[in-house]
Structure formats: structure tokens, C-alpha cells
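Given next are the chains, with one letter for each unit.
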Amino acid sequence: MKKLTIALLSLTVAASMQAQNLPVYLDESKPIEQRINDALGRMTLDEKIAVIHAQSKFSSPGVKRLGFPDLWTDDGPHGVRPDVLWDEWEQAGQTNDSCVAFPALTCLAATWNPDLACLYGKSLGEEALYRNKSVMLGPGVNIYRTPLGGRNFEYMGEDPLLASRMVVPYVQGLQSMGVAACVKHYALNNDEEYRHQVNVIISDRALHEIYLPAFKAAVQEGGAWAIMGAYNLYKDQHNCHNDIMLNKILKQDWGFDGVVISDWGGCHDTDEAIKNGLDLEFGSWTDGLTMGKTNAYDLYYLADAYKKAIREGRYTTKELDDKVRRVLRLFYRTTMKKDKPFGFLCSESHYDAALKIAQEGIVLLKNDKVKRSKSDKEAVAILPIDPSKTQRILVVGENAIKMMTVGGGSSSLKVQKEILPLDGIRARFSGAQVDYVRGYVGDTIQSYNGVTVGRSLYETRSQAELTAEAVEKAREADIVIFVGGLNKSNYQDCEGHDRKTYDLPYAQNEVIEALLKVNPRLVYVNISGNGAVLPWIAKVPAVVQAWFIGSEAGEAIASVLAGDVNPSGKLPFTWYATLDQCGAHALNTYPGTWRKDHKIIDEEYKEGLFVGYRWTDRLKKQKPLFPFGHGLSYTTFKIGKATSDKTSMTADDKITFTIPVTNTGSLAGAETVQLYIHDKKSSVERPYKELKAFRKVFLQPGETQEISLTIDKTALSFYDDTKSEWTAEPGDFEALIGNSAHNLVSSCSFTLR
Ligand code: BGC
């Protein structure tokens, strides 16, 4: 015992002696802010300048002399991008950088399940750790403003509350691994066309009520350690060095203590970068996809030009020290964090997470009853497809055989595995004859960003031949599964450009119409991150929205089609029947108006707050094709009468609504109860209703659960632009409860005193 005590004592003494010898910045027992100050005091001007700009496409230097490692960032939101060469976009050609592709963030948002967002972030963080990446460039939370938006698939839909509730656990899950989230693209980067030149003109209310909440939640609730400035301009200043966006809103009002990273090539001016809140410059001389100057890191706006300005006395080190402090804070949170978990790559648990998120995010948009054959008396829902009763399945469509993890811009991945829809369907329906025909030719690209797709999409036959082949085969089939939609090639769901039209591309509509003539038992599986015009919708009995869902795509789709998984996804955006149902287009605000010198294009968000369902709620006669929050199940649910714990509340109070939800069908499933607030009378114009709470509930057949949704005055508030603050006006409100923005089945009135 005595020996043990002596041994322990000497260990403690040794440890404390060691601590005494350690410089403060390395002493783990000291508070981080003290360590930052100590490190800062030791750094030379050159070292300070070095840590605030990149040294390669995806890394910035640490402080070699003091032992701070280099900082490695990587895209992106959906998986860890393969390594590129030091200063090129070309692949480094490594063989150890394949990853698991998780579903794109529209799919994550469609799960309406914050627990899955946490699992997503954590799993991605583990992959990043294994690959030695300390900053993941994502998640993206730009609001879905127009269905033409090329990067909508990377974001979390049209609603600020949904995006906020999903981004917070994603950031927390990721950062629990000691990997920083870099939430992007802050802000108002809602379309891709002319993204470096768009100057967004927007009311303060729309900015604060629609476009900023998810960023604010990521910062204040999620504790995001980094944020990426957007390419576009706001009030004539690029967002990577925008005084209002960065200094005022992000840092001053929200108290952000992390690092503002420029989007790749988004920094344009040394003075603005110094003064207006940029901390870490990346990707200059490139727009993120193409190349300008090479190895020009000393020419970065925050490199030699900044050093010169300090040396000449035009700036003190005040701004520089603030930037360096933030970067050091990021180091301590990531590269310098000792007790980080171990990462792992391509593990079973990551595939399981990707599959689960995909399965919960797939949305069953339509599922009509049809007769299986002419002799059948009763019509039944066409989905799920019973494998034991189906002999001949015809799969049509390029998207059934196209890798969707490759392409689309910076979120493109090199996957260890991607199960294609056709392969998933073949595996699940192994007892049936599953035929495949191409149907149409879309994008035959064989490689993207150095990653080669596994399967050749080369095709020489004419469209007439392809259609004829599909029609012939469809005559014989018990069921036709058309896997189409968009893909990630240019001018589709792809970074850098928006879609040119809201229509489905290629000959898809023509082929579907031809197929329907010979076989009306057609299931349309749409792969995309956006809606589209579906002109044949009345004739097609089932539509499944299957997103870009990554490594497990085929398995997830097949499991939903076969009914192994009961679909429970809900649309995170309004699926307009036509483009003019969208406010931005109805008011002809997109893509904007070029100024005389053709350098800047002004895009005025004239629809203001009225984005998505907030706009379609105002349309008298027209209805969207599928409303926000819509998604069917193979079972049925009853949302009962909602009650509240009070009918009157004060601004300091909370109010709780209780809603019974019953699974009235014969299969286990999940329903998402959505609570919207309607302000009965307001001194300012407000949307008819706004989503303020939701809960996904899993129920066995016959089971009822009472769920509670609690809100406080923030759910009743609007942004008062005359005072620049949020206000909840006393008066009467109504909570509208249902399972989509257009299916509200219960309501509760209450008063704010
Ligand atoms: C994109 C960012 C991305 C960066 C690095 C840019 O073009 O806008 O989202 O993180 O490139 O690849």
C-alpha cells in the first residue's frame, strides 16, 4: 500500500513538473483561451499571416516551429471527397481514399428525424478522422428558393425551422469527433447561375426569417466551429468579406467565435478581407471547379499584400490577431485536441447509417390502387410490390444504372461501393425475371473529377429504337419500374449552374407516355434533389422520390419497393406542378437583371417571406403537385384532436400541444406530425402559417401514442425591421396540426397576452 502511495505521488510530481516545463500553449491543464494567447504571443508576423490562408487546394499551414499541425479540410457534406494533388483539382491517385457516400442532404431533411442527422454527422466525422481531415466543408443549409437551383440537392429544403432542427444535430454529431463543421454557404447563395456576380436584394425580414435561421441555429445551438462565406454579394459586397453578414450579424449579434472560411475563390479584395470578418482564405484564383493561377498562395489577398499593408503601417495587427486567435481556437478544437476518438472508414456501421437514412428519407409521393390484372375484382395499392406474386419486372431508365455519387460538383465522391438501383432491385426480387432497358440516353459521362464510373453508359441506338424496345418489353411485364429524374451533370442537379427548365430532361416524358399505353402498372422512381413537371402524373399510379442516396441506393430503393421498409419520408420542399407556382418565378425575379457594365447581376427576392408553401398558401385555385411535408406510408394513420395545456400564455411562458396519433393500418410505420402557427391578426404582413414544431413517431399497427409539441414566443415572433429585433405581438394565434402543409386536420386557438 505504502509503495503504491509513493509510486502515485511520484507520478503526480513528475506530471506536475512536466506541466511546469510545458509552455502554456501546450499545457492541457490550462484554459484554451489562455493557451491561444500564449501561442499568439510566440508567433512571428510571417507565421500569423501563414495560418490565415491556404497552402494547397485543401490545406492551410499550422505553425511548424511551435508544433501546430497543418489543417486539412475536405468536401463535403455527403462523404469525404478523394484527395486531390497539392495544387490541382486532379486526383492524387491514392488507393486509400474511397469512402462511404451518405445520402445527399435533401434526403436527410426528408427523414424529418433529427436523431438521424446526428448519426449522419457522427458517421461522417469518423470517416473524416480516419482520413486525417479536420474540417468538413458542410453541411449546406441554403434555402430551397427555386426548383431550378443547381445545388438544392446539397441543402435541407425550403423551411427554416426544418433546416434548423436538422442542421444542429448534424453539426453536433460531426464535431463530437473533433472534426469541425464548416456550415455553408453563408448566405443567400440560393441559386448557382452567375454565383460570383449575383447581388441579392432582400428585405431584412426575409433575410432574418427565412434565409438566416438555419445558420444561426448551427452557430448558436450546434456550436459550429467554422462557417463558409458564400460566393454571391449582399448589399454590393461579396459575402466572403461582407461587413454586415460577418462582422455585424455572425460575429457581433450571434457571438460566433469560430473561423470564417472563404468559399474557394470567393475572396476578392485585401482591404475588405482584412476588415470585414474573413479569417481563413481558401481557393483564390479558382472558382472551386476550374483553375486560375497555380501555386499562387503568396498572392492570396490575406498573404503578402496583407503583410505589406501591416509593414507599411496601414493596419495594426488588431484584425490579424483576431483572425489568428480564431484559427488557433480551431486548432485546439481539432488538430490539437488530444482526446479525440479514433476514426474508421467504410465500416459496416457507416453503411448501416447510410442505408437507414436513405430508407427513412425516401418519400412515397403517390400510391394509387390498381387492378393487378383485368380479371381481378379488387384494386389494390400498386406498392409495395409483393416479390412472391411478381414474375416479370421491367426496369427502364438510365438512372437505374448510373452512379449518382459521381458528378454534381464539389460533393462528388469516390466510393468504395455504390449499389445501383437496378442491382438492388435484381437482388431483392431474385425470384422474378427482372429485365432492364435503357429507355433514353441522358448523360453518358464516364468520369468526373478523376473518378471513373464503374459501368459504361455508351449507347449508339436511336431514341426511336430505345422507345420501341422499352414498349415491347413492357407489354410482357407484370410491373414496370421507371427509374428516371435528373442526374448530376451540368445544368441539372449540379454545382456551377442551375437547371434551364423545370421539365424532366431527355426523352423521359415521351418514353413514359409510350410505356403507359401498353402497361399502366408503372411505378416512377425519381432520382433528384429537386421537383420537376410530371405531365403524365394522372396516369401513373405510383411515384417514389428517391433522391441521391449514396452507397446503398439500390438496396434502399428496393427495400421500399418491396415493402421491407415502410416509407416515412416527407418532402422538405413544395413540389410545384409548374414553375410559375413558385414565388421567385411568378414574380419573374430569377436570375435577375444585369447592370450596365455586365459585371453584377441584381437578383431581388421580391417574393420576400413567401417562399415554398408560404407562397402556395396564397394561391387561390392552384395547388402544388405535392405539398411541403407530404409523404405517404403503406399503413394509415389518424391524427386525432389536438389539445393544449393552456389557452392563454405570456411571453415568458411555453405552451404544449398534445396530439394522439394512431396507426390505423396493419403495418408498422412512422408518421410525422407537423405543427404550423397561424397569426390571426398582425400589424405586419405574415405568411398564413409557418412550421414551428414537428415530431416523427413510430407506431405498431393499432398503436396510439400521444405526442407533445411545445413552443414558446419565438414560434410566434416575426423580425421587426423597424427595431431590428424579433417581436411577438400579443393577440390570437392558432396551432394547425397535420401531416403536410396542405393536410391540417386539427387546430387549437390560443392567445398571447
Ligand atoms: C464550393 C464549396 C466547396 C469548395 C471546395 C466551391 O466551389 O462552392 O461548396 O466546399 O468549392 O471544393
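Preceding this section is the structure that the text describes.
Below is a summary of the structure that appears in this document. (Residues numbered from 1 in each chain as written. Predicted model: local features only at pLDDT ≥ 70, side-chain atom pairs only at ≥ 80, totals over all residues. Heavy atoms only, no water.)

1. Quick word on the pairing of strand β26 (residues 669–679)
Just so we agree on the cut-off: Three labels apply to residues, based on accessible area from a 1.4 Å probe with only protein chains included: buried if under 20% of the type maximum, exposed if over 50%, partly exposed otherwise in between. Helical segments are the DSSP runs of H or I of at least four residues, strand segments are the runs of E of at least two, and each set is numbered from the N terminus. Paired strands, in this sense, are two strands between which DSSP finds at least two bridges.
In terms of burial, β26 is largely enclosed, as 11 of its 11 residues are buried. In β26, alternate side chains face the same way, and those of G669, E671, V673, L675, I677 and D679 on one face and A670, T672, Q674, Y676 and H678 on the other are all buried. Here β26 runs beside strand β31 (residues 731–740); their pairing, made up of six bridges, is antiparallel. Within β31, the residue paired with H678 across the bridge is E734.

2. Observations concerning the pattern of salt bridges
Rule in force here: What makes a salt bridge here is a side-chain nitrogen of Lys or Arg within 4 Å of a carboxyl oxygen of Asp or Glu, nothing more.
In the structure shown here, the tally under the stated rule is 58 salt bridges. Here R145 and E607 are joined by a salt bridge, their closest N and O atoms 2.5 Å apart. Residue R145 is located in the loop between β3 (135–136) and α6 (160–175), and its partner E607 is located in the loop between β21 (601–604) and α19 (613–616); the two are separated by 462 residues in the primary sequence. We note that R145, like E607, is buried. K337 serves as the salt-bridge partner of D339, at 3.2 Å between the closest nitrogen and oxygen. Accessibility expressed as a relative area gives 61% for D339, which makes it exposed. Taken together, the shared-partner salt bridges connect R151, E154, E192, R195 and E495 into one network.

3. A look at the site of the ligand
What counts here: Proximity criterion: a residue is near a molecule or strand once any of its heavy atoms comes within 4 Å of it. Pairing of N or O atoms within 3.5 Å defines a polar contact, subject to two protein rules: one partner must be a possible hydrogen donor and the other a possible acceptor, and residues neighboring in sequence count only if both atoms are side-chain atoms. Note that accessible areas follow from Shrake-Rupley with a 1.4 Å probe, and for residues the cover is restricted to the protein chains shown.
Surveying the vicinity of the ligand reveals 17 residues, the closest of which are D75, R151, H185, D263 and E495. Residue K184 places a side-chain N or O atom 2.9 Å away from an oxygen atom belonging to the ligand. Between the ligand and Y231, the relevant distance is 2.8 Å, taken from an oxygen atom to a side-chain nitrogen or oxygen of the residue. Out of a free accessible area of 310 Å², the ligand has 100% covered by protein chains.

4. Here's the deal with helix α8 (residues 213–220)
The condition is simple: Only heavy atoms matter for contacts: two residues are in contact if any of them lie within 4.5 Å across the pair.
Counting buried residues along α8, six of its eight residues qualify, which places the element largely inside the surrounding structure. Close packing links the buried residues of α8 with α6, β4 (180–186), α7 (204–211), β6 (226–229) and α9 (243–253).

5. A closer look at the environment of Q492
Turning to its location among the elements, Q492 is positioned in the loop between β17 (479–485) and α16 (508–518). According to the relative accessible area criterion, Q492 is buried, its value standing at 5%. Between the C-alpha atom of Q492 and that of R151, which follows or precedes it by 341 residues, the distance is 9.0 Å. A distance of 2.5 Å separates a polar atom in the side chain of Q492 from a polar atom in the side chain of Y506.

6. What about the sheet that holds strand β1 (residues 59–60)?
How we decide: For helices, the fitted line uses only the C-alpha atoms of the stretch in contact; every axis is such a line through C-alpha atoms, and the angle between N-to-C directions lies from 0 to 180 degrees.
What the six strands build is an open sheet, ordered β1-β2-β3-β4-β6-β9; its pairing is mixed. In this open sheet, the two edge strands, each paired with only one partner strand, are β1 and β9 (259–262). Bridge count between strand β2 (residues 71–74) and β3: two bridges; the pairing is parallel. Opposite T73, over in β3, you have V135 as the bridge partner. The sheet contacts of α6 involve β3 and β4, and relative to β4 the element is tilted by about 145°.

7. Quick look at the packing of aromatic side chains
Rules: The criterion for an aromatic pair is that two Phe, Tyr or Trp rings (for Trp, the six-membered ring) have centres within 6.5 Å, with stacked assigned to planes under 30 degrees apart, edge-to-face to planes over 60 apart and tilted to the rest. Criterion for a charge above a ring: Lys NZ or Arg CZ within 6 Å of the ring centre, and within 35 degrees of the ring normal.
Applying the stated criterion across every chain, the model contains 32 aromatic pairs. Ring geometry for F102 versus Y120: centroids 5.4 Å apart, planes at 40°, classification tilted. Here Y120 lies in helix α5 (residues 114–130) and F102 lies in the loop between β2 and α4 (105–111), a separation of 18 residues in the sequence. In this pair, the class of F102 matches that of Y120, namely buried. Ring plane angle 75° and centroid distance 5.5 Å describe the contact between F153 and F548, whose orientation is recorded as edge-to-face. Of the two residues, F153 is situated in the loop between β3 and α6 and F548 in the loop between β19 (542–545) and α17 (553–562); the sequence distance between them amounts to 395 residues. Accessibility expressed as a relative area gives 3% for F548, which makes it buried. These aromatic residues form a ring-pair network of at least three members: W112, Y613, F628, Y676 and F694. The positively charged end of R145 is found above the aromatic ring belonging to Y605, 3.6 Å away from the centroid. In this structure, K500 is placed above the aromatic ring of Y491, and the distance from its NZ or CZ to the ring centre is 4.0 Å.

8. As for the sheet that holds strand β10 (residues 363–367)
Whether parallel or antiparallel, the strands of a sheet pair through hydrogen bonds between backbone atoms. Strand order in the open sheet formed by six strands is β10-β19-β18-β17-β13-β14, and the pairing between neighbours is mixed. Two strands close off the open sheet at either side, each with one partner strand: β10 and β14 (433–437). This sheet shows a mean twist of 20° between the axes of neighbouring strands, independent of strand direction. As paired elements, β10 and β19 share four bridges and run antiparallel to each other. Paired with L364 across the two strands is V544, which belongs to β19.

9. Side note on α5
Quick note on the threshold: Here, expected helix span is obtained from the residue count minus one, scaled by 1.5 Å.
When the terminal C-alpha atoms of α5 are compared, their 25 Å separation across 17 residues agrees well with the 24 Å that a helix rising 1.5 Å per residue should span. When we look at burial in α5, the residues that qualify are L116, A117, Y120, G121, S123, L124, G125, E126, E127, A128 and L129. The inward-facing, buried residues of α5 contact α4, β3, α6 and α13 (348–361). If you check the start of α5, you find a side-chain oxygen 3.0 Å away from the backbone N of D115, and it comes from N113. Count one or two residues on from α5 and you reach N132, which has phi positive near 65°.

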